[in-house]
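A look at the structure
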Amino acid sequence: AERAAPVPRVAVVVYILKGKSVLMGRRLSSAGDSSHFTFALPGGHLEFGEEFEECAVREVKEETGLDIEKTEFLTVTNVPFLNDPKPSHYVTISMRAVLSDPSQVPENLEPNKCSGWDWYDWDHLPNPLFWPMKKMIRSGFNPFPV
Ligand code: 8DG
Ligand code: MG
Ligand code: MG
């Protein structure tokens, strides 16, 4: 059943770092409707009782088949999608991680939601980026360790 009144939800997204690259795929559906086909990170909704790290590991496994480690909190952003056909609002937790085994290859396990995963050089990110990511990067955000 639909909620009586909309509320903000918590999302966890993951910058999987490999050398100077991050894993992204084109979004095909779900919230952020107006930004269909934009490049975004793996991630999803925090479940009841879950740690951010657990959610990151779970969503990455569900969406890409990849096993990650060294999962770390980076930052939190406020992400309202008020102008979407079905308005939503997320408090988005950004995490970073690396592959447990660097030879692993991502699989597109949710082809209804994503066009496929690939690695993109941080200095040559693809366009168009999902706007929450674009906004973070424009404000100087960088997921790589200094
Ligand atoms: P789930 O059922 O697996 O829990 O959800 P999902 O289908 O995987 O959710 P999602 O849309 O992938 O992620 C939840 C929300 O997180 C999304 O609607 C908006 C917010 N979000 C951001 N930035 C990003 C991003 O870069 N990638 C993804 N996937 N979601 C993001 O604010
Ligand atoms: Mg998901
Ligand atoms: Mg997702």
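Further up the page is the structure itself.
The sections below set out a description of the structure shown in this document. (Residues numbered from 1 in each chain as written. Chains lettered and ligands numbered in written order. Predicted model: local features only at pLDDT ≥ 70, side-chain atom pairs only at ≥ 80, totals over all residues. Heavy atoms only, no water.)

Here the focus is the site of ligand 1. The environment of ligand 1 is made up of 19 residues, and the closest members are Leu41, His45, Glu63, Thr92 and Lys113. A distance of 3.1 Å is found between an oxygen atom of ligand 1 and a side-chain nitrogen or oxygen belonging to Arg27. Here an oxygen atom of ligand 1 and a side-chain polar atom of Lys113 are 2.6 Å apart. Computed on the free molecule, ligand 1 has an accessible area of 610 Å², of which 89% lies beneath the protein chains in the complex. Mapped by element, the contributors of at least two residues to the shell around ligand 1 are β1 (9–18), β4 (43–45), α1 (52–64), β5 (68–81) and β6 (88–99). (Near = heavy atom within 4 Å. Polar contact = N/O pair within 3.5 Å; in protein donor to acceptor, adjacent residues only side chain to side chain. Areas by Shrake-Rupley, 256 points an atom, 1.4 Å probe, with all protein chains shown as cover. Helix = DSSP H or I, 4+ residues; strand = E, 2+ residues; numbered from the N terminus.)

Take the coordination of the magnesium ion (ligand 2) next. For the magnesium ion (ligand 2), every protein donor is listed as Glu59 (OE) and Glu63 (OE), and the spread of their distances is 2.1 to 2.2 Å. Taken as a pair, the magnesium ion (ligand 2) and the magnesium ion (ligand 3) lie 3.3 Å from each other and share Glu63 as a ligand. One end of the pair is Glu59 and the other is Glu63, both in helix α1 and four residues apart, which spans about a single turn. The exposure classification of Glu59 matches that of Glu63, with both residues buried. (Donors = N, O, S within 2.8 Å, 3.2 Å for Na, K, Ca; no water. Buried < 20%, exposed > 50% of the residue type's maximum accessible area, 1.4 Å probe, protein only.)

A surface patch of nonpolar side chains, about 300 Å² in accessible area, is lined by Val10, Phe52, Phe73 and Val76. Here Val10 lies in strand β1. (Patch = residues over 30% accessible without salt bridge, like charges linked within 9 Å, V, L, I, M, F, W, Y side chains within 5 Å. Salt bridge = Lys/Arg side-chain N within 4 Å of Asp/Glu carboxyl O.)

Relative to the assigned elements, Arg96 resides in strand β6. For the pair Arg96 and Leu28, spaced 68 residues apart in the sequence, the C-alpha separation amounts to 23 Å. For Arg96, the contacting residues outside a window of four places in its chain are Val14, Tyr15, Leu17, Lys70, Thr71, Glu72, Leu74, Pro143, Phe144 and Pro145. Here the side chain of Arg96 touches Glu72 through a polar contact of 2.7 Å, side chain to side chain. A polar atom in the side chain of Arg96 sits 3.0 Å from the backbone oxygen of Pro143. (Contact = heavy atoms within 4.5 Å.)

This brings us to unusual backbone geometry. For the bond from Asn127 to Pro128, the omega torsion is -10°, close enough to zero to count as cis. Tracing the sequence through the fold places Pro128 in the loop between β7 (114–121) and α2 (131–138). Located in the positive-phi region is Lys70, a residue other than glycine, with phi close to 55°. Its location among the elements puts Lys70 in strand β5. Lys70 gets classed as exposed once you look at its relative accessible area, which sits at 61%.

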